[in-house]
Amino acid sequence: MVRGLGLQKLINELKHKVHSASFERLFAEKTAHLSGPQKLQLKIKLNELTKPSTAAIDLRRKVPGPVAMYEYQGRTHFFNAEAQKIFTDGLKANNGVYTDETYRNIMQYMREQQQTRVTKQIEADSQSKLGSFVLGRYYRRSEERMNFVTDVVVKGRIDGKLIKLKAVTVDISLQGVQLKLPATAPVQKLLHQTVAIFYLGLAKEFVFDQSQPYSYQVLGTHEKDKQSYLRLRRDAVADDDALDKLLRGLLNGYKFRYKVNVDHVIHSVRAKGHESQWLQSQQGVPVIFSGNPEKTAYAIATESNSALIDSCCKKTPQLLNALINQRWLRLKLAELRGHSEQTRLQLPFYFLTLNVKGEKRHYAVPTVALAKQPAIKNILAGLKRAGYTVQALVLSVTYSRLDKLFVGLVSAIDLPDWKTVKASELKLNVLKPHRLHLQGVQGTKVVEEHPRLTQLYTKCGLCNALFVHREAKQQDIGLAALMPFKQGLPGWFQNPELWLSRSHYILGGKKIENEILKRLKYIDPAEHADTKTLLLRLSQSDNQAEPTVNGRWLSDFTSFNEASLYMKKLYKEKKLLAVNIELYRCKRPVIRAFRDDLNYVQTYLPHRAKSLERQIKSIDGVIGVQDVTAPLLRLAL
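Residues numbered from 1 in each chain as written. Predicted model: local features only at pLDDT ≥ 70, side-chain atom pairs only at ≥ 80, totals over all residues. Heavy atoms only, no water.

**Overview of the environment of Val-285**
For Val-285, the location among the structural elements is in strand β12 (residues 285-289). Put simply, Val-285 and Ile-300 are 15 residues apart on the chain and 6.6 Å apart in space, counted from C-alpha to C-alpha. Residues in contact with Val-285, not counting those within four places in the same chain, are Ala-299, Asn-305, Leu-308, Ile-309, Cys-313, Gly-408, Leu-409 and Val-410. (Helix = DSSP H or I, 4+ residues; strand = E, 2+ residues; numbered from the N terminus. Contact = heavy atoms within 4.5 Å.)

If you want it as structure tokens, here you go:
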């Protein structure tokens, strides 16, 4: 047989002569030293490469640059300039024949261009992606951990089959470990499973039994820099074993050799510093209640919700429990309590107060009543036109199974007016079933600084936020706070990766994002702008790498009738998302609340401590982003 290098040299010399008149002569000259079978092998290979191709090539939307039609021998191709050059070079090299090799070269060029585009997109996403944290979730440790690299083997089961994966430790503590594995490792399938870890590397450095398995539970997985990572917690053991003794010795005796990792403290301080501003930005009223109207409910006062808290809680303290006592709301709360996973429920209603015979009467009209009695809508519109305050409110609520309490947020939606109705339609008796009765219910206690209630509300955070940082007069959206659960949320809030990659997606496009940042700049510190509702039109075609997002303020519609038609159309096409946008200008944060933790970080990483303090002090504003898609659609019925 012909040696590989020799065969390839002959192929390169002869392949462009196959379709020439002199090919047989050249072939005989070049292969005179070969045997008959060797000549046959060479000819088969040459025929494979130079076989005329019948495939038409269409590179439209697949390669960069303009693509033009190119006709050759009755076939129509679509090339950009580079692909056309590869095609014509192939024709010249093969005496005017379009060969399979030319086709494969163009396909390879197309794949390279697509891979380049994907790589650039990934790089752009990683550069522009917002950092984020989950509200009320702090990764605590009772002991220090250290960056320590050693080889391990992980054994577990995937789809019932035993698997063995090689990995290295990234950091390690008495109670947990983080591992790095190749990107191809199926780490997602190990989530929440119990696995066995064998510390092969420790046996090479210390007196240690590498055959002893140690049991861990997989808490989380993520990918970074084309590597997969596992975060694991060790199963509890009654007494110290060999691994405990070895790690405790390393941690206590070698702190100067190994770098102590304080990332958990840094993440906790960063989250708490931003959460304190997030809480003060709330224009809705955070409420905490048991669901029993005979027990006191609590409302948290912030720097931004004074108007709503006055009307809902301070002037008439029994209003919240009177609302909870409504049958339609009691049924929904019972349904929420029955969910096995934490979820969010949103209950929209119209709220109004009327003076009847010198007595103030309060009404809460749920959207289910509007569906059954459309005339109520006309009554509410007429009352608003007559000068009465008719508010569209939403109670977003979740249930904390651990605390056995409901945690909610009462928010207002500023709706455009309904079209004018006839005065003869204003028959107020239909509102009677929706009156809130204040007798026999407990009042609501308004609190400002209550650590336990504040912590509980933050842990059940019911709206997202974007944080605007300012350094050297440069204003930038630099961090996002995410809700701590996914059940009951639209897709964009269940998986926020898309809008974290481009903050203007969730703000209706770059034009509206710039408008919001400009408005924020002119708000005084510790002040806020009125809540505005933004309608997002989401669309993405098959040939688009990224979606198109167009925003429109609800207040721009001439009437709620017009807005309702627009929303219903987008909702049918699955293109609608509605969010309440709240703007709050931050005052200087109280750093002393985090001073002990900052001092701890300062001990090990002085530069990180200074950077962290500078980041918290640079928080200039908060853009609250609360999903109100479902409530707004129900109000539009």
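There is more to say, and it comes next.
**Quick notes on the environment of Ala-203**
Its place among the elements puts Ala-203 in helix α6 (residues 200-205). Residue classification places Ala-203 among the partly exposed residues on the basis of a relative accessible area of 23%. C-alpha separation for the pair Ala-203 and Thr-150, spaced 53 residues apart in sequence, amounts to 9.8 Å. Not counting chain neighbours up to four residues away, the residues in contact with Ala-203 comprise Phe-208 and Gln-210. (Buried < 20%, exposed > 50% of the residue type's maximum accessible area, 1.4 Å probe, protein only.)

**Quick notes on the sheet that holds strand β16 (residues 390-400)**
Reading across the sheet, the 7 strands line up as β15-β14-β16-β17-β12-β13-β18 and stay open at both edges, with mixed pairing between neighbours. Here the strands that pair on one side only, and so sit at the sheet edges, are β15 (359-366) and β18 (444-447). When strand polarity is set aside, the average angle formed by the axes of neighbouring strands in this sheet is 30 degrees. Of the pairings in the sheet, the one linking β12 to strand β13 (residues 297-300) comprises 2 bridges and is antiparallel in character. Across the sheet, the residue bridging to Val-287 is Ala-299, located in β13. (Pairing = 2+ DSSP bridges. Axes fitted to C-alpha atoms, helices over the stretch in contact; angles between N-to-C directions.)

**Thoughts on the packing of aromatic side chains**
Counted under the stated rule, the structure contains 14 aromatic pairs. An angle of 70 degrees between the planes, with centres 5.4 Å apart, marks the rings of Tyr-70 and Phe-87 as edge-to-face. In this pair, Tyr-70 is assigned in strand β1 (residues 68-72) and Phe-87 in helix α4 (residues 81-93), connecting sequence segments 17 residues apart. Pair check on accessibility: Tyr-70 and Phe-87 agree, each one buried. Centre to centre, the rings of Tyr-399 and Phe-406 are 4.8 Å apart; their planes meet at 50 degrees, and the pair counts as tilted. (Phe/Tyr/Trp six-rings, centres within 6.5 Å; stacked < 30°, edge-to-face > 60°.)

**What about the pattern of salt bridges?**
Tallying each qualifying case throughout the model produces 19 salt bridges. Taking the shortest distance from any N to any O, the salt bridge between Glu-573 and Lys-569 comes out at 3.2 Å. Its salt-bridge partner being Glu-573, residue Lys-575 comes within 3.8 Å of it at the nearest N-O pair. Of the residues examined, Glu-573 reaches a relative accessible area of 34% and is grouped as partly exposed. The structure contains a network of salt bridges with shared partners spanning Arg-234, Asp-241 and Asp-244. (Salt bridge = Lys/Arg side-chain N within 4 Å of Asp/Glu carboxyl O.)

**Points about the nonpolar core**
Grouped together as the largest cluster of nonpolar side chains are 70 residues, with contacts concentrated most on Leu-466, Trp-499, Ile-506, Ile-581 and Ile-623. Element by element, the count of residues in this core is highest for helix α8 (residues 263-280), at 6 residues. Beyond its immediate chain neighbours, meaning those up to four positions away, Ile-506 contacts Leu-466, Trp-492, Phe-493, Trp-499, Leu-534, Leu-536, Leu-577, Val-579 and Val-625. One finds Leu-383, Leu-415, Leu-535 and Leu-570 within the second-largest nonpolar core, a separate group that totals 33 residues. (Core = buried A, V, L, I, M, F, W, Y, C linked by side-chain atoms within 4.5 Å.)

**Details of the pairing of strand β17 (residues 405-413)**
Of all 9 residues in β17, 8 are buried, a share of seventy percent or more. As judged from the 5 bridges shared by β12 and β17, these two strands associate in the antiparallel manner. Of the residues in β17, the one forming a bridge with Val-287 is Gly-408. Where β16 lies against β17, 9 bridges are found, and the strand directions are antiparallel. The partner of Ser-396 across the bridge, within β17, is Leu-409. Where β16 folds back onto β17 in an antiparallel hairpin, the turn is made up of 4 residues, including Lys-404, whose phi is positive at roughly 55 degrees.

**Regarding the side chain of His-434**
Relative to the assigned elements, His-434 resides in the loop between β17 and β18. His-434 sits in the buried class, given a relative accessible area of 10%. Beyond its immediate stretch of four places on either side in the chain, His-434 contacts Gln-326, His-362, Tyr-363, Ala-364, Val-365, Pro-366, Ala-369 and Ile-376.

**Topic: the confidence of the model for the protein chain**
Taken as a whole, the protein chain shows an average pLDDT of 84; of its residues, 88% reach a score of 70 or greater. Between the elements of the protein chain, mean pLDDT differs from a low of 60, seen in strand β11 (residues 260-261), to a high of 95, seen in β12. (pLDDT = per-residue confidence, 0-100.)

**A few points about the environment of Ala-297**
Checked against the element boundaries, Ala-297 lands in strand β13. Remark: the alpha-carbon pair of Ala-297 and Leu-320, spanning 23 residues in sequence, is separated by 7.5 Å.

**Some details on the sheet that holds strand β22 (residues 548-553)**
Read from one edge to the other, the open sheet built from 7 strands follows the order β3-β20-β19-β24-β23-β21-β22, with strand pairing classed as mixed. Sheet topology places β3 (131-134) and β22 at the edges, where each strand pairs with a single neighbour. If you compare each strand with its neighbour and ignore which way they point, the axes differ by 30 degrees on average. Sheet analysis places β3 next to strand β20 (residues 474-482), joined by 4 bridges and oriented parallel. Note on β20: the bridge partner recorded for Gly-131 is Leu-479. The strands touched by helix α18 (residues 510-521) are β19 (464-471), β20, β21 (528-539), β22, β23 (576-585) and β24 (619-627); relative to β23, the strand with the most contacts, the crossing angle is about 25 degrees. Where helix α19 (residues 560-572) meets the sheet, its contacts fall on β21, β22 and β23, and the angle it forms with β21 comes to roughly 40 degrees.

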